[in-house]
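Remarks on the overall topology
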Amino acid sequence: MTRERYDRQIHFSGIGPEGQKRVQRGQVTIIGLGALGSNIASLLARAGVGKLRLVDGDRVELSNLQRQDLYDEADARASRLKVEAARDRLAAINSEVAVQICPVMLEPGNARELIAGSDIVLDGTDNFQARYTINRACLQEGIPWVYGGVAASFGMTATIIPERSGCLRCLFGEEPGSALTAQTSGIIGSIVRVIAALEVSEALKWLVGADELLNRWLLMVDVWWNEFSRVDFGPVPDCPDCGGAAGGRGYR
């Protein structure tokens, strides 16, 4: 580890020298390399996370560049796979980070394999079908994950820890049939950066063993109207996914 690279991070009391070593030993899987996922990957690489696994089957388009941090016009012209373009950019940002790419879309049939071995999974997707798939797979594998969603100027995030918190279905109930999306509501890049930063902070907390996690609240932010709020959530008895967390009998 090049100490100079991480000097300012090491001086932060929440991480310190030992925490930085834990970060470098960490393995984080990012599902989706769009707006949230690309910003998350950049921040994690700069923080020195040892191994990043990137999961996405999409290609770069010109409309992505307004908010997707790792891509440029050349990537869009070449219609490059996002995971390949992201891998190359991350290597230029921090060659100490090992990047594994998975150029596939997350599905119920491959989800557990794609997240296996992760210390934590971060949500960079843009739909609840994928998020509920992540939720079930992480519960089955006993892996914590961080939910994040953005649209327009609004975003929200929460951390799901198997057997210690409620799960995504505890929070939202049955899979929402419709929700705001960047395609239907537009989006500004600043909210992407805010929610990505919160997700990355949760990952770093988990990797270093900190206790100040968002596993009891859904945190909501609107950067246009300067609104910040949170909603308590916890295990729901007989939840079909987690069974009510500790001692439950859901998909686990």
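Note that the structure is predicted; figures quoted are calculated from it, not measured.

Among the nonpolar cores identified, the biggest contains 42 residues, and V28, L44, L52 and L54 are the most heavily contacted of them. Contributions of two or more residues to this core are made by β1 (27–31), α3 (35–47), β2 (51–55), α5 (82–93), β4 (120–123), β5 (145–151) and α10 (189–208). Looking at this core element by element, the count peaks at nine residues for α10. Excluding anything up to four places from it in sequence, L54 contacts I30, L33, A41, V83, A86, R87, L90, V99, Q100, I101 and C102. Ranked by size, the runner-up nonpolar core spans 30 residues in total, among them I31, Y132, I134 and C167.

The next thing to look at is α3. Compared with an ideal rise of 1.5 Å per residue, which puts 13 residues at 18 Å, α3 spans 19 Å between its outermost C-alpha atoms and is within 8% of the ideal. The buried fraction of α3 is high, at eleven of 13 residues.

What follows concerns the packing of aromatic side chains. One pass over the structure, following the stated rule, counts four aromatic pairs. Between the aromatic rings of F128 and Y132, the centroid separation amounts to 6.2 Å while the plane-to-plane angle is 65°, which identifies the pairing as edge-to-face. Of the two residues, F128 and Y132 are both situated in helix α7 (residues 128–141); the distance of four residues between them amounts to about one turn of the helix. A single burial state applies to F128 and to Y132, both of which are buried. Where Y147 meets F172, the ring centres are 5.6 Å apart and the plane angle is 75°; that geometry is what we call edge-to-face. Of this pair, Y147 sits in strand β5 while F172 sits in helix α8 (residues 168–172), placing them 25 residues apart in sequence. Take Y147: its relative accessible area is 1%, and that puts it in the buried class. An aromatic cluster of at least three residues, connected via ring pairs, comprises F128, Y132, Y147 and F172.

Its place among the elements puts Q68 in the loop between β2 and α4 (73–77). Within the local environment of Q68, its side chain forms a polar contact with the side chain of K82, the two groups lying 3.1 Å apart. For Q68, the residues in contact, after removing those within four places along its chain, are L33, G34, A35, S38 and K82.

With 95% of its residues at a pLDDT of at least 70, the protein chain reaches an overall mean of 94. Element-level pLDDT for the protein chain is lowest in helix α9 (residues 182–185), with a mean of 81, against a maximum mean of 99 in β1. Counted against residues more than four places away or in other chains, residues 247–252, with its pLDDT under 50, gives 17 contacts.

If you walk across this open sheet you meet the eight strands as β3-β2-β1-β4-β5-β6-β7-β8, and the pairing is mixed. The sheet is open, and its two edges are formed by β3 (98–102) and β8 (227–232), each paired on a single side. Across the sheet, the mean angle separating the axes of adjacent strands is 15° when strand polarity is ignored. Pairing of β5 with strand β6 (residues 154–160) involves seven bridges; the strand directions are antiparallel. Residue pairing across strands places G149 opposite M156, the latter belonging to β6. Across the sheet, α3 touches β1, β2, β4 and β5, and the angle it forms with β1 is around 165°. Across the sheet, α10 lies against β1, β4, β5, β6 and β7 (217–222), angled at about 175° from β5, the strand it touches most.

The backbone phi angle of S79 is positive, close to 50°, even though this residue is not glycine. Mapped onto the fold, S79 is located in the loop between α4 and α5. Its identity is not glycine, yet A152 carries a phi of approximately 55°, on the positive side. Note that A152 resides in the loop between β5 and β6.

A few words now on the pattern of salt bridges. One pass over the full model with this rule turns up 13 salt bridges. Residue E73 is joined to R77 by a salt bridge in which the shortest nitrogen-to-oxygen separation is 3.9 Å. Taken together, the residues E73 and R77, both in helix α4 and four residues apart, mark about one turn of the helix. You can call R77 exposed: its relative accessible area is 66%. Ionic pairing is found between D88 and R80, a salt bridge with its closest N-O pair at 2.7 Å. Owing to a relative accessible area of 36%, D88 belongs among the partly exposed residues under this scheme. The class for R80 is partly exposed, based on a relative accessible area of 24%.

About the criteria used
Residues numbered from 1 in each chain as written. Predicted model: local features only at pLDDT ≥ 70, side-chain atom pairs only at ≥ 80, totals over all residues. Heavy atoms only, no water. Core = buried A, V, L, I, M, F, W, Y, C linked by side-chain atoms within 4.5 Å. Buried < 20%, exposed > 50% of the residue type's maximum accessible area, 1.4 Å probe, protein only. Helix = DSSP H or I, 4+ residues; strand = E, 2+ residues; numbered from the N terminus. Contact = heavy atoms within 4.5 Å. Expected span 1.5 Å × (residues − 1). Phe/Tyr/Trp six-rings, centres within 6.5 Å; stacked < 30°, edge-to-face > 60°. Polar contact = N/O pair within 3.5 Å; in protein donor to acceptor, adjacent residues only side chain to side chain. pLDDT = per-residue confidence, 0-100. Pairing = 2+ DSSP bridges. Axes fitted to C-alpha atoms, helices over the stretch in contact; angles between N-to-C directions. Salt bridge = Lys/Arg side-chain N within 4 Å of Asp/Glu carboxyl O.

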